[in-house]
Amino acid sequence: MLMYDVIVIGFGKAGKTLAAKLSSQGKKVALIEKSKSMYGGTCINIACIPTKTLIVAAEKGLNFEQAMSEKNAVTTRLNGKNYATIAGTGVDIIDATARFVSNKVIEIQAGDEKEELTAETIIINTGAVPTILPIPGLAESKFAVDSTGIQRLENLPKRLGVLGGGPIGLEFAHLYNTLGSQVTVLDASEAFLPRIEPSIAALAKGYLEKDGIQFLQGVHTQEIKDGEASLTLVTDKGDFEFDILLYATGRKPNTAGLGLENTDIQVTDRGAIQVNRHLETSVPGVFAVGDVNGGPQFTYMSLDDFRIVFNYLTGDGSYNLETRGNYATTLFIAPPLAQVGLTEQEARDKGLPVAVKELPVAAMPRGHVNADLRGAFKAVVNPETKEILGATLFGEAAGELINLITMAMDNKIPYTYIAKQIFTHPTMAENLNDLFAI
């Protein structure tokens, strides 16, 4: 049996960063990854980076083949860079599958060869996988793909159906519509983007519809039937035929085949690995980081999971889930839509004193410079304590500006300070002056 100080299962953001940092401190570290195509993790290879590369390429006017070529070049480059970076820190990178045979013993398998490894510290970093709803015909369909499969199409579908109106579905709807597909989004929810400020969600839907995307809300799929070159979606609102169907109905923690049943590691009722505030499982010394622990499924949250575990292993444990700050999200449609904190309704439901302001991009000088007047910014504040409770930014540079507001919230900077902050001109940032002049 091979002995290590640390074993990391999965090459994702939190795991690879922990492996590199702990190795640089003299620990003997093994990083196990079952697929060479996943060096660097989900974000680098099949999520954030390739999808945003595709969106940028499409918005620049590249065609389907050119956009795919650009995406492949970027992911190949970053995949290799990630391997070289981690290997350069002295980590043993092992290409194999991994499963627990007991609390602290991992069996790895590459082909027919098997070996056992053990370590005092084990990091589970296996990410998440697409959820396949139990719709008859979905799993068997030749024309239904998940968020990975749609990035590997050889031809641009003329008619693309998107099952699910969440962030993944909407980003691909925007992408393929821009590339030239006829896109229809079918969502079981009656409301479009129900967790976004209603006025801004309505703007977003209107812009996407103007771009040519069709939305059907409150649609429940009953069956999927394959034809010779397309599929038919049978729903309670009628039948729809598509060349390709993207099912973007959520992602679930990837624990299949890990052998958790051979351990004392507990899982939640949603299938995530149960962790405490330090991200330690019910087995001391075994941690779960990234999407597999059921937290927010973003690579920047996985990076923050690294900080929590690293602080626990090498520091005082003072940074943990309970002391974690606010985090923002960005939906990469056109224009981007970013949000942090509470919406107006959420703040009112909490019984907080609330003041709000919504500012259209059409009132912003930089919007005119950009020749893009789409969108609006909305702020929610507590007029008594002067705290920023939340913000929704829908417009050019929203994904960048939301980080300024997040920092202000974490540092308890009153909104009145931002209202008087000196910003450069003409920029989108300077409009935070007017937004917070509440």
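Residues numbered from 1 in each chain as written. Predicted model: local features only at pLDDT ≥ 70, side-chain atom pairs only at ≥ 80, totals over all residues. Heavy atoms only, no water.

### Points about the UniProt feature "active site" (unreviewed entry) in the chain
Heads up, the condition is: UniProt positions are given in the numbering used here, feature names are shortened, and annotations may be inferred rather than shown by experiment. Strands here mean DSSP runs of E at least two residues long; helices mean DSSP runs of H or I at least four residues long; both are numbered from the N terminus. It only takes one pair of heavy atoms within 4.5 Å for two residues to be counted as in contact. Counting of polar contacts relies on pairs of N or O atoms within 3.5 Å, with two restrictions inside protein: one atom must be capable of donating a hydrogen and the other of accepting it, and residues adjacent in sequence are counted only when both atoms are side-chain atoms.
According to UniProt, the "active site" (unreviewed entry) feature falls on H425. Here H425 lies in the loop between α11 (415–420) and α12 (431–435). Not counting residues up to four positions away in its chain, the partners in contact with H425 are P365 and E430. Polar contacts involving the side chain of H425 include one to the side chain of E430, which spans 2.8 Å.

### Here's the deal with the packing of helix α3 (residues 48–59) against helix α4 (residues 64–87)
Stated formally: For every element, the axis is a line fit to its C-alpha atoms; helices are fit only across the contacting stretch, and the angle between N-to-C directions ranges from 0 to 180 degrees. Here a crossing is called left-handed whenever its near helix is offset anticlockwise from the far helix by less than a right angle, and right-handed whenever the offset is clockwise. Lys, Arg, Asp and Glu make up the charged group, whereas Ala, Val, Leu, Ile, Met, Phe, Trp, Tyr, Cys and Pro make up the nonpolar group; the residues left over, Gly among them, are polar.
The interhelical angle for the contact between α3 and α4, taken along N-to-C directions, is 145 degrees, at an axis separation of 9 Å. Regarding α3 and α4, the two cross each other, and that crossing is right-handed. Here I49, P50, T53, L54 and A57 of α3 lie close against α4, whose contacting residues are A67, M68, E70, K71, V74, T75 and L78. When the residues that make up the contact of α3 with α4 are grouped by side-chain class, the tally is eight nonpolar, two polar and two charged.

### Some remarks on the pairing of strand β1 (residues 2–9)
Formally: By definition, two strands form a pair when at least two bridges between them are found by DSSP. Throughout, right-handed denotes a crossover for which the path from the first strand over the helix to the second runs clockwise when the strands point away from the viewer.
In this sheet, strand β6 (residues 113–124) lies alongside β1 in parallel orientation, the contact comprising seven bridges. In the sheet register, V6 faces β6, and the bridge partner there is T121. Pairing geometry for β1 and strand β2 (residues 29–33), over four bridges, is parallel. Bridge pairing in β2 links V8 to L31. Following the backbone out of β1, through helix α1 (residues 13–24) and into the adjacent parallel β2, one traces a crossover that is right-handed.

### Here's the deal with the sheet that holds strand β12 (residues 221–226)
Here three strands make up an open sheet; going across it, the order is β12-β13-β14 and the pairing antiparallel. The open sheet has two free edges, formed respectively by β12 and β14 (238–242), since each of these has just one partner strand. Across the sheet, the axes of successive neighbouring strands diverge by a mean angle of 20 degrees, strand direction being ignored.

### Observations concerning a negative patch on the surface
Using the following cut-off: Residues qualify for a patch when their relative accessible area is over 30% and they have no salt bridge, like charges being joined within 9 Å and the nonpolar side chains of Val, Leu, Ile, Met, Phe, Trp and Tyr within 5 Å. What sets the accessible areas is the Shrake-Rupley method with a 1.4 Å probe; for residues, cover comes only from the shown protein chains. In the sections that follow, a salt bridge refers to a side-chain nitrogen of Lys or Arg positioned within 4 Å of a carboxyl oxygen of Asp or Glu. Residues scored as charged are limited to Lys and Arg (positive) and Asp and Glu (negative), so that His and the chain ends carry no count. The atoms used to mark charge sites are NZ of Lys, CZ of Arg, CG of Asp and CD of Glu.
A cluster of acidic side chains, namely D112, E113, E115 and E116, defines a negative patch on the protein surface. Within the fold, E113 resides in strand β6.

### Remarks on the packing of aromatic side chains
Spelled out, the test is: For Phe, Tyr and Trp, where Trp contributes only its six-membered ring, two rings pair if their centres lie within 6.5 Å, and the inter-plane angle classes them as stacked under 30 degrees, edge-to-face over 60, or tilted in between. Only protein chains enter the accessibility calculation, which uses a 1.4 Å probe; a residue whose area is less than 20% of its type maximum is buried, one above 50% is exposed, and one in between is partly exposed.
What the rule picks out here adds up to nine aromatic pairs. Summarising the aromatic geometry, the rings of F64 and Y176 are spaced 6.4 Å apart at their centres and angled 50 degrees between planes, so their arrangement reads as tilted. On the criterion of sequence distance, the pair formed by F64 in helix α4 and Y176 in helix α5 (residues 167–179) is long-range, its members being 112 residues apart. With respect to burial, F64 and Y176 carry one shared label: buried. Measuring from centroid to centroid gives 6.3 Å for F298 and Y327, while their planes differ by 50 degrees, and the two rings are tilted. Of this pair, F298 sits in the loop between β17 (286–288) and α7 (299–314) while Y327 sits in the loop between α7 and β18 (328–331), and the two are 29 residues apart along the sequence.

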